[in-house]
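# Examination of the molecular architecture
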Amino acid sequence: MRIPTLFLSHGAPPLVDDPTWVAQLRDLAAALPRPKAILMASAHWESAPLMLGATDTVPLVYDFGGFAQRYYEVQYRAPGAPVLADQVAALMPDGETVARTRRGLDHGAYVPLTVMYPEADIPVLQMSLPTLEPDRLLELGARLAPLRDEGVLIVGSGFTTHGLPFLRDWSPNAAAPGWSREFDAWASETLARGAVDELADFRAVAPGMPYAHPTIEHFAPMFLTLGASGTPDKAPEQPIDGFWMGLAKRSFVTA
């Protein structure tokens, strides 16, 4: 069975304390075929050329600050995925450099996985985002699409809105600012129409910009997910919506 692809709004470490979001992620995972391996691309790892993370073991990168100590003690001892790393490298075009590193999973990768697959028994590989340009990420996703037939779950992990400099209320249940609501409504409607060209032009056409994404790395993983779907102009399912700390946590699944 061909495995769907995911775009997740991943949340900060306290996501695990939000019962609504936890339930949504668990339901999402339960509705998917069980993957043989997981390939994660997180907004928190930009590096060119394309880099592949640790494969022998899967350490964690606590790439955040100012949280309670317990969030720095989380473990997620998933198996490494050396075979998947070889497969990813083989799918790249001739002459494309693929580097390898012992870097572990950052919070954009492991935080949702601790909820979705808490047993940590599925091999996980994280890859870097070698570009933030939507067209190039669509092409990269298309190259990775054959992995889905091998049982690999391809996940782009970002956030549908991420205007952290413009937040005034940092509580989880904070009211969403107007720019966050407007951008999220646009994203929902544009995804529903399968208007991938409009999505790719979000910096110019989306309401709420540039407040929704003063930097674009948290929206970029969406295009890897859409490219890997093989049909980026087909409307995905959007099983998770709503806001957390005023940011849109919209997530979607492609067939």
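Residues numbered from 1 in each chain as written. Predicted model: local features only at pLDDT ≥ 70, side-chain atom pairs only at ≥ 80, totals over all residues. Heavy atoms only, no water.

### Here we look at the overall build of the protein
- Of regular secondary structure, the protein possesses eight helices and ten strands.
- Computed over the C-alpha atoms, the radius of gyration of the protein is 17 Å, within 12% of the 18 Å expected from 2.2 N^0.38 for a compact globule of 255 residues.
- Taken along the three principal axes of its C-alpha coordinates, the protein extends 45 × 45 × 35 Å.
- Counting all 255 residues of the protein, 56% fall into the buried class.
- Counted over contacts in the protein with a minimum sequence separation of 6, partners at least 24 positions apart contribute 81%.
- Of the roughly 10,500 Å² that the protein leaves accessible, carbon and sulfur atoms contribute 52%. (Helix = DSSP H or I, 4+ residues; strand = E, 2+ residues; numbered from the N terminus. Rg over C-alpha atoms; globule rule 2.2 N^0.38 Å. Buried < 20%, exposed > 50% of the residue type's maximum accessible area, 1.4 Å probe, protein only. Contact = heavy atoms within 4.5 Å. Areas by Shrake-Rupley, 256 points an atom, 1.4 Å probe, with all protein chains shown as cover.)

### Thoughts on the environment of Thr254
- Secondary-structure assignment places Thr254 in strand β10 (residues 251-254).
- Sequence separation between Thr254 and Ala78 is 176 residues, and the spatial gap between their C-alpha atoms is 25 Å.
- Those residues in contact with Thr254 that sit more than four places away from it in its chain are Pro4, Thr5, Thr225, Leu226, Ser229 and Pro236.
- Within the structure, Thr254 has its side chain in polar contact with the side chain of Thr5 (distance 2.3 Å). (Polar contact = N/O pair within 3.5 Å; in protein donor to acceptor, adjacent residues only side chain to side chain.)

### A word on the packing of helix α1 (residues 19-31) against helix α3 (residues 107-116)
- Where α1 contacts α3, the axes come no closer than 8 Å and their chain directions differ by 75°. It follows that α1 is roughly perpendicular to α3 by the angle criterion. Across the interface between the two elements, Val22, Leu25, Arg26, Leu28 and Ala29 from α1 touch Pro112, Val115 and Met116 from α3.
- Split into classes, the residues belonging to the contact of α1 with α3 amount to seven nonpolar, no polar and one charged. (Axes fitted to C-alpha atoms, helices over the stretch in contact; angles between N-to-C directions. Parallel < 35°, antiparallel > 145°, perpendicular 65-115°, else oblique. Nonpolar A, V, L, I, M, F, W, Y, C, P; charged D, E, K, R; others polar.)

### Here's the deal with the pattern of salt bridges
- The full count for this structure, using the stated rule, is ten salt bridges.
- Of the charged contacts in the structure, one is a salt bridge between Asp17 and Arg70, with a shortest N-O distance of 2.9 Å. With Asp17 in the loop between β1 (5-9) and α1 and Arg70 in the loop between β3 (50-52) and α2 (82-91), this residue pair connects regions lying 53 residues apart in the sequence.
- On the accessibility criterion, Asp17 (40% relative accessible area) is partly exposed.
- One continuous salt-bridge network, built from bridges that share partners, spans Glu189, Arg193 and Glu198. (Salt bridge = Lys/Arg side-chain N within 4 Å of Asp/Glu carboxyl O.)

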